[in-house]
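Listed below, chain by chain, are the residues.
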Amino acid sequence: MFIKKNWSVPKGVAPTEMDKIILRYQKEGYLVPKRKLIKTPEQIEGIRKSGELNTALLDMVTTEIKEGMTTGELDRIIHQFTLDHGGIPAPLNYEGYPKSSCISIDNVVCHGIPDDNTFFKPGQIVNVDCTTILNGYFADASRMYIIGGETTPEKQRLVDVTLECLQIGMQEAKPYRFVGDIGYAIQCHAQQNGYSVVRELCGHGVGVQFHEEPEVTHYGRPKTGMLLVPGMVFTIEPMINMGKKEVHFSREDGWTVTTRDGLPSAQWEHTFLMTETGLEILTH
Ligand code: MF3
Ligand code: CO
Ligand code: CO
């Protein structure tokens, strides 16, 4: 198989220890990142600030989201809060997306479009996904919210296990391990709990653009996918289904993703920085 030679050291420049490690993996046939995926300290500072705004935004959602409110209303509050703090909501007009957030209820896996006819009801499990642009830097995170604070034990367990999937995936991510190590750990935990992992959508590099390399799948095999190197910034955002893994893409609105079997789905997302020792959450 042909693997792209993503890493090189400019002529006349002495390779650093990091260069040597990456070049060794590349020579062995592993997929390594392009140099531009390693963020500069200045970029990391910018993404960190954007992450702080993103966290404030999702905290605000915690207090605002209520039974009887529409998804459209919540989206307008998210939009205004972002502008008031000097940011721009990245989803708005992204590839034609019409709103400032994604709000996905129960059997909606992701990319639920807020509108004025969808009211929050007690017991619903709701993913609110916000991506913030601040001074040109992107931070992307989502959380699950339970309307009225209580749901069925089945849906509660799905929400909890999905958060565990994110945490377990996170622990696997260490320098010079692989994206596939993350996916493998997530897939094992989901399946051990009787759940399935959505395959059509994945995590992604983020920071300078909304979606960058690498693709962070939430399933896979150890030692596959891209090598993880300090300075990379990416999301992990497992979508876990209570039933079967198959999803349906809306042909009407071009965005909404639902489970084929109609059973609930949950998702949690953070933006992470790979450090010398492991992941740091930038959306905490
Ligand atoms: N926030 C989503 C993600 O985690 C992407 C949403 S794209 C949008 O990658 F256009 F629907 F906003
Ligand atoms: Co994302
Ligand atoms: Co997101």
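A brief structural summary. (Residues numbered from 1 in each chain as written. Chains lettered and ligands numbered in written order. Predicted model: local features only at pLDDT ≥ 70, side-chain atom pairs only at ≥ 80, totals over all residues. Heavy atoms only, no water.)

Right, let's get into the overall build of the protein. Looking only at helices and strands, the protein features five helices and 15 strands. Its C-alpha atoms give the protein a radius of gyration of 19 Å, within 12% of the compact-globule value 19 Å for 284 residues. Seen through its C-alpha atoms, the protein measures out along the principal axes to roughly 65 × 45 × 35 Å. Out of the 284 residues belonging to the protein, those deemed buried represent 54%. Here the contacts in the protein between residues at least 6 apart in sequence split such that 71% fall between residues at least 24 apart. Accessible surface, the protein as shown: approximately 13000 Å² in total, 54% of it carbon and sulfur. Taken as two groups, the 28 positive and 36 negative side-chain charges of the protein have centres that lie 9 Å from each other. (Helix = DSSP H or I, 4+ residues; strand = E, 2+ residues; numbered from the N terminus. Rg over C-alpha atoms; globule rule 2.2 N^0.38 Å. Buried < 20%, exposed > 50% of the residue type's maximum accessible area, 1.4 Å probe, protein only. Contact = heavy atoms within 4.5 Å. Areas by Shrake-Rupley, 256 points an atom, 1.4 Å probe, with all protein chains shown as cover. Lys, Arg positive; Asp, Glu negative; His and termini not counted. Charge placed at Lys NZ, Arg CZ, Asp CG, Glu CD.)

This structure, assessed with the given rule, holds 14 salt bridges. Salt-bridge contacts for Arg-24 lead to Glu-28; the nearest nitrogen and oxygen are separated by 4.0 Å. Arg-24 gets classed as partly exposed once you look at its relative accessible area, which sits at 44%. With a closest N to O distance of 3.0 Å, Lys-155 and Asp-106 form a salt bridge. Taken together, the residues Lys-155 in helix α4 (residues 153–172) and Asp-106 in the loop between β2 (102–105) and β3 (108–110) connect sequence positions 49 residues apart. For Asp-106, a relative accessible area of 17% puts it in the buried group. (Salt bridge = Lys/Arg side-chain N within 4 Å of Asp/Glu carboxyl O.)

A word on the site of ligand 1. Around ligand 1, the structure places 14 residues, and the nearest of them are Asp-140, His-204, His-211, Glu-237 and Glu-269. Within the side chain of Asp-129, a nitrogen or oxygen atom sits 3.1 Å from a nitrogen atom of ligand 1. With respect to ligand 1, the side chain of Asp-140 contributes an N or O atom lying 3.0 Å from an oxygen atom. For ligand 1, the accessible surface in isolation is 330 Å², of which the surrounding protein chains cover 96%. Of the residues in the shell around ligand 1, the class split is six nonpolar, four polar and four charged. (Near = heavy atom within 4 Å. Polar contact = N/O pair within 3.5 Å; in protein donor to acceptor, adjacent residues only side chain to side chain. Nonpolar A, V, L, I, M, F, W, Y, C, P; charged D, E, K, R; others polar.)

Around the cobalt ion (ligand 3), the protein supplies Asp-129 (OD), Asp-129 (OD), Asp-140 (OD) and Glu-269 (OE) as donor atoms, at distances of 2.1 to 2.3 Å. The coordination sphere of the cobalt ion (ligand 3) comprises six donor atoms, whose angles at the metal cover 58 to 166 degrees; the geometry is irregular. Counting residues between consecutive donors of the cobalt ion (ligand 3) along the chain gives the motif D-x10-D-x128-E. Between the cobalt ion (ligand 3) and the cobalt ion (ligand 2) the interatomic distance comes to 3.3 Å, and Asp-140 is a ligand of both metals. In this pair, Asp-129 sits in strand β4 (residues 125–134) while Glu-269 sits in the loop between β13 (265–267) and β14 (270–274), placing the two residues 140 residues apart along the sequence. Across the pair, exposure class does not vary: Asp-129 and Glu-269 are buried alike. (Donors = N, O, S within 2.8 Å, 3.2 Å for Na, K, Ca; no water. Tetrahedral: all angles 85-135°; square planar, octahedral: opposite > 155°, others 65-115°.)

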